[in-house]
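# Summary of structural features
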Amino acid sequence: MTSSTATPLSDTPGGAGDRRQRVRLTFSDVGRLLGTGVLTFLSLLLTAELLPGFTYTSWWPLAVTAAVGGLVGMLVRPVLALVAGAIGWIAVATVAVFGQALVMQVAITIVPGASFDSFWTAVATAWLTAAISTLLAWLTSAGTDESMTASLVRLKPGTVTDPEVDGVVFVQLDGVSFPVMQWVVQSGTMTTPRRWLDAGSHAVHEWTVQMPCTTPASQQAILQGSADGVPAFRWYDRDLGRVLVANRPADASIIESRATTGHGLLADGGVSVSNLFTGDAERACMTMSRLEVTRGSRRTRQVFARFVIRPDGLVRSVSRTIAEIARERVQALRQRRLGVHPRVHRSWTFAGLRAFSNGLLRDLNTTVVAEEMMAGTRSIYVDYVDYDEIAHHAGATRLETVASLTALDRVLAVLEKVAEQAPRTYHLVILSDHGQSQGEPFASRYGTDLSDLCRSLTQSRTAGVEGSIEGWGRVDSVLEDLGGTHTGAVTGAAAKRVDVKLKPEESDAEDAELVVLASGNLGLVHVPGPRRLLLEELEDRWPGLVPGLLAHPGVGFVSALSATGPVALGRDGRRDLSTGAVEGTDPLAAFGPHAPAMLEAATLMPRAPDLYVNSSFDPVTMDVAAFEPLVGCHGGLGGWQDRAFVMAPAHLFAPDRPIVGGDDLHRHLVDMLVTLGHRTELQRIPS
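These notes cover the structure that comes with them. Keep in mind the model is a prediction, meaning the values are calculated, not measured.

### Description of the packing of helix α8 (residues 191-199) against helix α15 (residues 399-421)
At a minimum axis distance of 7 Å, the contact between α8 and α15 shows a crossing angle of 60°. It follows that α8 is oblique to α15 by the angle criterion. Residue-level inspection shows T191, T192, P193, R195 and W196 of α8 in contact with α15, the latter providing D409, L412, A413 and E416. Here the contact of α8 with α15 is built from residues that sort into 4 nonpolar, 2 polar and 3 charged.

### A closer look at the pattern of salt bridges
A full pass over the atoms with the stated rule returns 20 salt bridges. For the salt bridge of R643 with E206, the shortest nitrogen-to-oxygen distance reads 2.6 Å. Taken together, the residues span a long stretch of sequence, with R643 in strand β21 (residues 643-649) and E206 in strand β4 (residues 202-208) at a distance of 437 residues. The class of R643 is partly exposed, set by a relative accessible area of 28%. The salt bridge involving R667 is made with D664; its shortest N-O contact spans 3.8 Å.

### Observations concerning the packing of aromatic side chains
A full pass over the atoms with the stated rule returns 5 aromatic pairs. Where F442 meets Y446, the ring centres are 5.2 Å apart and the plane angle is 55°; that geometry is what we call tilted. Of this pair, F442 and Y446 are both found in helix α16 (residues 442-446), 4 residues apart, which corresponds to roughly one turn of the helix. Residue classification places F442 among the buried residues on the basis of a relative accessible area of 1%. Each residue in the set F442, Y446 and F627 is aromatic and connected to the rest through ring pairs, giving one cluster.

### Thoughts on the sheet that holds strand β13 (residues 514-519)
If you trace the 8 strands from one edge of the open sheet to the other, you get β12-β13-β14-β19-β15-β16-β17-β18, paired in mixed fashion. Taken across any chain shown, the strands that pair with only one partner, and hence form the sheet edges, are β12 (462-465) and β18 (582-584). Each adjacent strand pair in this sheet contributes to an overall mean axis angle of 15°, direction not counted. Contacting β12, β13, β14 (522-526) and β19 (611-615), helix α17 (residues 450-458) runs over the sheet at an angle of about 150° to β13. Here helix α22 (residues 595-604) sits on the sheet in contact with β15 (555-562), β16 (565-569), β17 (573-576) and β19, set at roughly 50° to β15.

### A short note on the packing of helix α9 (residues 215-224) against helix α23 (residues 662-675)
Between α9 and α23, the shortest axis-to-axis distance is 7 Å and the interhelical angle comes to 30°. Taken together, the axes of α9 and α23 lie roughly parallel to each other. When the axes of α9 and α23 are compared, the crossing they make is right-handed. In this structure, α9 uses A221, I222, L223 and Q224 to contact α23, whose residues at the interface are G662, D663, L665, H666 and L669.

Conventions we followed
Residues numbered from 1 in each chain as written. Predicted model: local features only at pLDDT ≥ 70, side-chain atom pairs only at ≥ 80, totals over all residues. Heavy atoms only, no water. Axes fitted to C-alpha atoms, helices over the stretch in contact; angles between N-to-C directions. Helix = DSSP H or I, 4+ residues; strand = E, 2+ residues; numbered from the N terminus. Parallel < 35°, antiparallel > 145°, perpendicular 65-115°, else oblique. Contact = heavy atoms within 4.5 Å. Nonpolar A, V, L, I, M, F, W, Y, C, P; charged D, E, K, R; others polar. Salt bridge = Lys/Arg side-chain N within 4 Å of Asp/Glu carboxyl O. Buried < 20%, exposed > 50% of the residue type's maximum accessible area, 1.4 Å probe, protein only. Phe/Tyr/Trp six-rings, centres within 6.5 Å; stacked < 30°, edge-to-face > 60°. Pairing = 2+ DSSP bridges. Left-handed = near helix turned anticlockwise from the far one by under 90°.

Spelled out as structure tokens, the structure:
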């Protein structure tokens, strides 16, 4: 492949050195400008017919207004974006509503023969014109994605002091398993990675995800170097005496502070975009652990402000959001009509979250990454959650879920084109943080949830925390970073609804004898208190708990720390995780040869629960049973959830042994950065 991912731009004709010496306006740019002007003119004609307060003497003033409006916008929009980024959320919202109107008002003032009867008519004209222009663009071309690509590659390159150091863009495709990646490159769903593989510039590798198979554990391992201290997506923290949830800003900050060494993946001039943790990056945008005014927020606000005041920006995303909601409702109806099984209820709330992640968030992530590339940022790590969000509710292998990867393929193509214009050579690395498994949820299959089951077996006061709020954190990360405040409004409200809401017979989590949490098909049973109980102590206090769990058809195995070490218990056998000794039937036999080591590491984790409960797994159908109300899940063992992938330049990434765990992958990625000349000022941590 002859692209920036394989060939240094500075060594090719038209590379970074040559580009700074030439005029950036090309014939295609002129064509796009003329096309935009024609569409704006036609939109103004239609708008004038619809709005009585917008008058004109002939069509000629409108044509001139369209041209002048484009020129004025080029001058005014950057100023508005800087002002909005400096002031905050209110300014961003104001620019989104009135920025186009201001541009339109200035253009009309300059051009004689057209007028508004009030500024509010100008506001209505600007928005209606933008909406009609977007509609016409959809009707007249495949224009929207190409238009966005064109706007990003025209960004002005920055100046870097070390152009000899290549940059790396790490693109995380959240939740995409290795088998699914194989499928999409074979089927033609993702043509960009297929082109790289065919050209030999990249190679794809499978890596085995540590347990728990969750984004918090994997991202902490990949970005910070260790998954230790993250036993699930949420867990009862004995030090704090409460439940920690990884996608709450305050909690994410606590989690990262415990793990950081200052030598994370992005420590040397990197930026974290739309992640849970920073990887010790100097700057971060929409990153959960660092949502504050002084780091990243102003940058995010400026980028967002520039995005929303472009004619193809906010209106484009709004139209795509509406289309995504409509698509989701149609697909949900089709699943019910066809009797697809397993499936879960797909609410309007999920439709909104899906539209956000597959519309506005995707565009915003791409815009931020493109601007960072054009600024010459050394390393960038961005998380796209499109596939993961749909897979949770539609199913990991359903066609509508896999189809979301086509849109992410276009994102990769955009970033590839941006790399060709950037001031340093960039290498693109695609990876996933975990895979996905699927099956009918535990509660809908058996008529009870895990907390109710534990309550019935122990007759104890049990606090159940089993709702799903993973998607809410992504909304919160954008709102808080744009606002520059620690409101936690979205995840806080969601938590009250589905995370820490107790059942009527429960009084308060602080009074509970058991706290039962769900993380995909992995359940956590905690006994609140200053220390973790051994298996023997649990059996003494609640003799029916462990046998009752193991007798349930929806439970595959449990693990605990016994007086002799970590053990896995099944219905008909027991395995000592340290020695490998098995009594009866091996409870881990169906979960793969890597399962014992993975489970041992998780069970030995100091912050692990008193009991891990893994759902049943059917090796034939590959079904698991999520303890959350999700048809696609990840967290424990069984299915494809522990099979992730990494696709990287073949000359930079060639592991000579299987990659096991995110911490192992972290070491390989750090070695890649070192090879490219990064981290020269950092003291390497011994492997």
